[in-house]
Amino acid sequence: MAPEAPGSSTPEAPAGPGRFITLEGGEGAGKTTLSRALAAALAGAGLPVLRTREPGGAPGAEAVRGLILGQGPWDPVAEAMLHFAARREHVARTIAPALEAGIWVVCDRFADSTLAYQGAGQGLSRAVWEGLCDLALGPLRPELTLVLDLPPDRGMGRALSRGDANRYEMQGPEFHARVRAGFLAIAEAESGRCAVLDAAARPEAVLAAALETVRARLGGLA
Ligand code: TYD
């Protein structure tokens, strides 16, 4: 998926720092559904919005996505480096220019996914992850991260019913349990940035909770 064009409300929007929102969570948690609905709600409130996702979101990053998902298994550090190589392209070509133009960026997965999947899931050390964050992102971090939490068996049921499982989705239940615990640990350690949403709720309820959180944490919504 290429990043979607900014909402039609851009012309009158003042240029300036945009807001950076990420959506995180395990498989089948409904991030794509929420990112669409959240971006539409923000655009409907007159805000300029860019919806994007990882791995990908820029031409070079999409090429690296093909390597990550199409090849492998990778050495865990090499795999994390591939995710961060894609992420740096994504930031440099898509996210940073949008934020500089005053656009709200809604991004489906970001660096927390590497800490949860490659760290908690595959044993990558936090020190390596932090080093890669500093190298690839400089000071850029999301302002708000919505963590969609769902028991892995429910999420995997949803993900597998879509067919065409990627190699992360094909991992066993222990892997997905570690990933979930990894996301919850991130949210607990960084409660000022993160909010955990119950992804077992109906999509409308998840969107309402997300909008409530955006309003409370970031403002800017009528
Ligand atoms: P994708 O088909 O986009 O799945 P999803 O809809 O769940 O995001 O595949 C991306 C996969 O890559 C997903 O299984 C999670 C994994 N991933 C990592 O392991 N580390 C990362 O840093 C990122 C961004 C994704």
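For clarity, every value in this text was computed on a predicted model and none was experimentally measured.

Novice: Mind showing me how you'd approach the packing of helix α3 (residues 76-100) against helix α5 (residues 126-137) here?
Specialist: Helix packing for two helices is described by the angle between their axes and how far apart those axes are. Contact geometry for α3 and α5: axes closest at 9 Å, N-to-C directions at 25 degrees. As judged from the angle between their axes, α3 and α5 are roughly parallel. The two elements α3 and α5 meet at a crossing, and its hand is right-handed. Side by side, α3 and α5 meet where V77, A80, M81, F84, R87, R88 and V91 of the first sit next to V128, W129, L132, C133, L135, A136 and L137 of the second. When the residues that make up the contact of α3 with α5 are grouped by side-chain class, the tally is twelve nonpolar, no polar and two charged.

Novice: I'm lost on empty space enclosed by the protein in this one. Help?
Specialist: A water-sized probe, rolled over the atoms, reveals where empty space remains. Per the counting criterion, the structure on display carries one cavity of 30 Å³ or more. Looking at the largest cavity, its volume works out to about 140 Å³. Lining the largest cavity are 16 residues, and of these G26, E27, L150, H176 and R180 sit closest to its centre. At the level of secondary structure, the elements contributing two or more residues to the lining of the largest cavity comprise β4 (144-149), α6 (152-161) and α7 (173-189). Here the residues of the lining of the largest cavity are counted per class, giving ten nonpolar, three polar and three charged.

Definitions and limits used
- Residues numbered from 1 in each chain as written.
- Predicted model: local features only at pLDDT ≥ 70, side-chain atom pairs only at ≥ 80, totals over all residues.
- Heavy atoms only, no water.
- Axes fitted to C-alpha atoms, helices over the stretch in contact; angles between N-to-C directions.
- Helix = DSSP H or I, 4+ residues; strand = E, 2+ residues; numbered from the N terminus.
- Parallel < 35°, antiparallel > 145°, perpendicular 65-115°, else oblique.
- Left-handed = near helix turned anticlockwise from the far one by under 90°.
- Contact = heavy atoms within 4.5 Å.
- Nonpolar A, V, L, I, M, F, W, Y, C, P; charged D, E, K, R; others polar.
- 1 Å grid on protein atoms, 1.4 Å probe; cavity = no way out; pocket = protein on both sides within 12 Å on 5 of 7 lines; lining within 4 Å.
- Points joined across faces, edges and corners; volume = space filled by probe spheres on them.

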